[in-house]
Amino acid sequence: MPRILVVDDEAMIREGLKAYLEDEGMQVDTHERCETALQSMEQGRCFDICILDLRLPQMDGHECIQSLHNRQCDLQFLIYTGSSTDALQSELGAMGIDDQYVFHKPLMDMSVFVRAIHQLLGGVS
Amino acid sequence: MDHLSKPEWPIQRLTPLRITVLYAVVASLWMFFSDHLIDFLVDDPGTALQLYALKGWFFILITTLVLYFIIRYNNQILLEAGEVFRRNQELFRDVTESASDWVWEMDDQLRFSYVSERFYELTNMPQSRLIGFKRWEVAGVDTEQDPKWRSHRETLETHLPFRDFSYQSQIPDVSGRRHYFKISGKPVYDKGGRFKGYRGMGTDITRQVMAEEALKESRGTLDRLMSNLPGMAYRCRNDANWTMEFVSEGCKTLTGYSSEGLIGNRDCSYAELIHPEDQAIVWNQVQEALEKHTTFQLSYRIVTAQGSEKWVWEQGQGVFSDKGLLVALEGLMLDATERQQTQNALLALAQNASTMMDDEFYRSCVRDLAHMYDVHYASLGIFADETRQTIHTLALWQNDGWVENVAYPLAGTPCEEIVQGDPQLIPDGVMQRFPDDSFLQREGIQSYFGAPLISSTGEILGLVSVMGINPMAPNRWARPVLGIFANRIALELERRWAEERLHKSEAHNRLIVDTALDAVITINNEGIVSGWNTQAERIFGYPREEALDRKLSEIIIPHQYRAAHEEGLKHFRQSGEGPLLNRRIEITALHQDGHEFPVELSIVPLEHGTEVSFSAFVRDITRRRHAEDEMARLRKYLKNIIDSMPSVLVGVDPEGTVTEWNKQAEELTGVNRDQAHGRPFAEVLPHLEAQMKQVKEAISQRQPLHSERLVAEQNGEVHYSDVVVYPLFTNGTAGAVIRVDDVTNRVRIEQMMVQTEKMMSVGGLAAGMAHEINNPLSAILQACQNIQRRISPDLTKNQELAEQLGIDLTTVGQYFDERGIHHFLDGISDAGARAAKIVSDMLAFSRRSESHFTPSNLDELMETAVRLAASDYDLKKKYDFKRIRIERDYAPDMGQVSCDGTEIEQVVLNLLKNAAHAMSSANIAEPCITLRTRSEGDYACIEVIDNGPGMTKEVSRRVFEPFFTTKDVGVGTGLGLSVSYFIVIEQHAGRMSVDTAPGKGARFKICLPFQHRSGT
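Residues numbered from 1 in each chain as written. Chains lettered and ligands numbered in written order. Predicted model: local features only at pLDDT ≥ 70, side-chain atom pairs only at ≥ 80, totals over all residues. Heavy atoms only, no water.

A. Inspection of the state of the cysteines at higher detail. All names here are of chain B. Here the structure, examined in full by the defined rule, presents two disulfides over all chains. Disulfide pairing is shown between C941 and C1007; the S-S distance is 2.3 Å. For the disulfide bridge between C941 and C1007, the dihedral angle about the S-S bond is near 110 degrees, and by the sign convention the bridge is right-handed. One end of the pair, C941, is in strand 31 (residues 939-946); the other, C1007, is in strand 33 (residues 1002-1009), with 66 residues separating them in the sequence. In terms of burial, C941 and C1007 fall into one category: buried. (Disulfide = S-S within 2.5 Å. Helix = DSSP H or I, 4+ residues; strand = E, 2+ residues; numbered from the N terminus. Buried < 20%, exposed > 50% of the residue type's maximum accessible area, 1.4 Å probe, protein only.)

B. Examining the interface of chain B and chain A more closely. Taken together, the contact pairs 23 residues of chain B with 26 residues of chain A. Counting across the interface, chain B meets chain A through two salt bridges. Here R790 of chain B ties to D23 of chain A by a salt bridge, and the two come within 2.7 Å at their closest N and O atoms. For the pair chain B and chain A, the interface holds 15 residue pairs in polar contact (both at pLDDT 80 or more). Where the side of chain B that touches chain A is concerned, the elements lending two or more residues are helix 26 (744-790) and helix 29 (821-844) of chain B. Looking at the side of chain B that touches chain A residue by residue, the classes come out as 10 nonpolar, nine polar and four charged. (Contact = heavy atoms within 4.5 Å. Salt bridge = Lys/Arg side-chain N within 4 Å of Asp/Glu carboxyl O. Polar contact = N/O pair within 3.5 Å; in protein donor to acceptor, adjacent residues only side chain to side chain. Nonpolar A, V, L, I, M, F, W, Y, C, P; charged D, E, K, R; others polar.)

C. Examining the pattern of salt bridges more closely. All names here are of chain B. A complete count under the given rule lists 38 salt bridges over all chains for this structure. The residue E943 makes a salt bridge to R1003 at a minimum N-O spacing of 3.9 Å. With E943 in strand 31 and R1003 in strand 33, this pair connects stretches of sequence that are 60 residues apart. On the basis of relative accessibility, which here comes to 29%, the residue R1003 falls in the partly exposed class. Because the salt bridges share partners, they merge into one network encompassing D889, R932, R934, E936, E943, D995, R1003 and K1005.

D. Quick peek at the packing of aromatic side chains. Residues and elements named next belong to chain B. Evaluation of the coordinates by the stated rule reveals 25 aromatic pairs over all chains. Note on F32 and F33: the rings are 5.4 Å apart at their centroids and 80 degrees apart in plane angle, and the pair reads as edge-to-face. F33 sits in the exposed class, given a relative accessible area of 53%. Among the aromatic residues, those joined into a cluster by ring pairs are W104, F112, F162, Y189, F195 and Y198. Its end group placed over the ring of F165, K148 keeps NZ or CZ at 5.9 Å from the ring centre. (Phe/Tyr/Trp six-rings, centres within 6.5 Å; stacked < 30°, edge-to-face > 60°. Lys NZ or Arg CZ within 6 Å of the ring centre and 35° of its normal.)

E. The sheet that holds strand 5 (residues 195-204) of chain B, seen in detail. Residue and element names in this part refer to chain B. Taken in spatial order, the five strands of this open sheet run 2-1-5-4-3, and their pairing is antiparallel. Two strands lie at the open edges of the sheet, namely strand 2 (112-115) and strand 3 (162-172), each paired on one side alone. With direction set aside, neighbouring strand axes in the sheet form an average angle of 30 degrees. Looking at chain direction, strand 4 (residues 178-189) and strand 5 are connected through nine bridges and run antiparallel. Within the sheet, the bridge partner assigned to G185 lies in strand 5 and is G200. Along the sheet, helix 5 (residues 147-157) makes contact with strand 1 (102-106), strand 3, strand 4 and strand 5, crossing strand 3 at roughly 125 degrees. (Pairing = 2+ DSSP bridges. Axes fitted to C-alpha atoms, helices over the stretch in contact; angles between N-to-C directions.)

This is the structure we're talking about:
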């Protein structure tokens, strides 16, 4: 069962995603902020995929990805952002994050996540 | 008688000496030869002796015979000579004794030695008083005192011959008469050359002298007679001087010169006295009379010594010798000045018309008439105008004076009858006969004579009349004299009018010839040049003398026209028709140097009786032609420029009437140039009616006036025009040019750009808030999707939970259907999607950096777009893009284009979607999209062509406007093409256009510069 970490400051987006992915048979943890996600990981939680917004209160998306990556280096990321102007930072490329894993809000159909998750995990498993 | 030479005899020529010598020689020769002959022939001495004797006798015989004949001949000659001498002597005596002449001789002392008997008879002077005396001693004159005698004495003393020395003898003859002698003589010399004296003759000329004296006396009588004549008798030679041999004393009175002065042309020749103008006449008339041997009568003028002019009447004739030779002219001259003056006065009366001024002539006529008829009123009048109802007087005489001219109506006056053509003589009672004539009544006119003035063509010009306050006697000259006056005046009027006309036309002609720049050439009807003015010399290069009398066709008419020229002349001679006459024609002429040049020509035929000549007025129009050509060229050039202007250009005059109308104007209005000309511009350009005020204003202010974006509705569409009115001032005439530019497209683009600018600012704003909007949108849409999933009976989790809860999902689904829950959820989803699209489109207007520009292959971009279209979710929902046939027409060797590939992909995708949408909505049977790339200069061009329904002009003009859409509400945002336009124009400095018409599909064209230049 894929373990999905969703980090988004918008509760309805977190819950919407969680509902959809759980319906797809995935285990989903949600966090409003990156810090709490990190705390939960420190408490021993592990995830396969992290879906996160780039604009987050306090620690922003890029720092968050970096921190989560440092915590769990095999964690893979899908970016779900409401901003079309925010460019991905070049360091992310080194972690295998490129444009095809960036999804712009709003999504008409969340199945793209399911496909992307399967694609990412399929490569691993 | 030694004073007479003896006659010479022939025998004297043979002198005795010669005869003797001849005899001796002949005799000697005879003796010598005859002796020798005998000796030779006869040998016998006896016979010889006999022969000698015979010979001697023979000789004696011969010589005797010769001697005899000689003596006999001489005797005869002597006899004859003696007879002649005797007869001569008798003759001499007869002559000297019987003739009136005598012979005289003087010795070397100039003393008379002999004087023949006749002298003694004449003078009855004794010989003793003559012989031995000198002539002047005999004559008893003092040679020192009398010059005539002194010169005679000198002649004699120097031994010179003399002739005709005449003198009067001092000694009277028996009858007491003193004779006049005339003598001649010549000196005599002896054989040694010594002066021997004088020998000569004398004649008694007493009777001759007496006759002469008698003649002189009688001449004096004649002179006296003639001096009492009022003229001068003369005798003159028939030479150029009229050299006078005799003139009578009257000469002084007549000519002012003395008779002596005139005779022999001493002071002056008579010819010089004759007035220079009359000299030829005098000579000719005299010579004519002389030829005919008739008398001549002359009247001529002479100029006297005092310088005054006199008329001379002369009668004379030639004096001829027996042999018929002209010896002299004789005649008489009389002073005819007075008679001539009288005659001249009469002549002047008849002729004065030509020398008097108009008024003077008319006035003198009416005055003369008044005097002649002894009346108070006389008048001369002509018709005042064409109506012939009114008479305008030219001269009016009233009570011994001229009064001011008047005009009076004919009606009711006696004049009315006269102008019908007949003279009227009303000796009395005229006042009663014409009661309506106020003038007659006022002045109390009793009598009236009048005559019409009739021209030579029979036209009545007016009338002349005399009026008296007393009855007039209609005597026998009353009518003819009036008639003569009337005729004279009528003629004069005609002549003056003709002269006036002539004068006017002459003055006119002269003015034309003198001042015109035209060459004036006159030819006769044979085409021979008779007139050639200086301008003609200049234009054609022929001096006048060279052109005159030559055929016009040979000098100035080019070869190719000569035949036609001759033909034209011939035609005119035959028919009198000349189609080229009296109008201006342009033709080619030939210059003297051979070059041809254009001239303007008008030919005027001039008729002189039956003769016709032609005057041609010729103007060199080479320069004008050049100017015209240049003008035409320029005009065409300008017209081309004006026509090629993209603006409507309309020329108008200050009243707004169209004078110019260019091609654009034709295209805009559908009214062609010819139709528009002369019409008010508001009529042909109704939407510019309001501009009339501007036209006037522009002209009055002399400044162009601009009006921008005038709105007019045309074919149900709003049009914008920029109008500029330029005032025009050409050679004082005002007008204006109205320039109209249809700026509808520009206005729309501008409006679009304004919109775009707005969108860009919105874009900037959107970029800032997109995140904030997208999050709630995302929440809505995710929630919506989750709801739809979780009410779906398909999901296992749903069924499990429903079973636990004891709910039948199918029933719940039915319930949701019945209540439209699904529909509402779809509505939320769609609205969310639309909002999301708007946000993303708006974001497109936010400028982006050019860092995304990469060299791209347009073909690949387009293929990507096609792929995206084919897999596009929205598209698939409504129609199948794969149904559309895609034709590719890519330029094979087009290089790469610097652009933002993703953006361009989006643009192309947008076009493809639009095309698919348009074609599907129109249910096109075989939808087809052609994709084409072309390289056009610096631009790489993409064309997306569909065979859909196309667009109307109104639509196509607005497709790039933001929020303009033909799609149903909710189908499109209305931003697609405007965003594409923005991307192409603003971000790539490219071009984007659409070419479409209803039913013809649409072709969108995007051109991008190969090399993108930053900052544009």
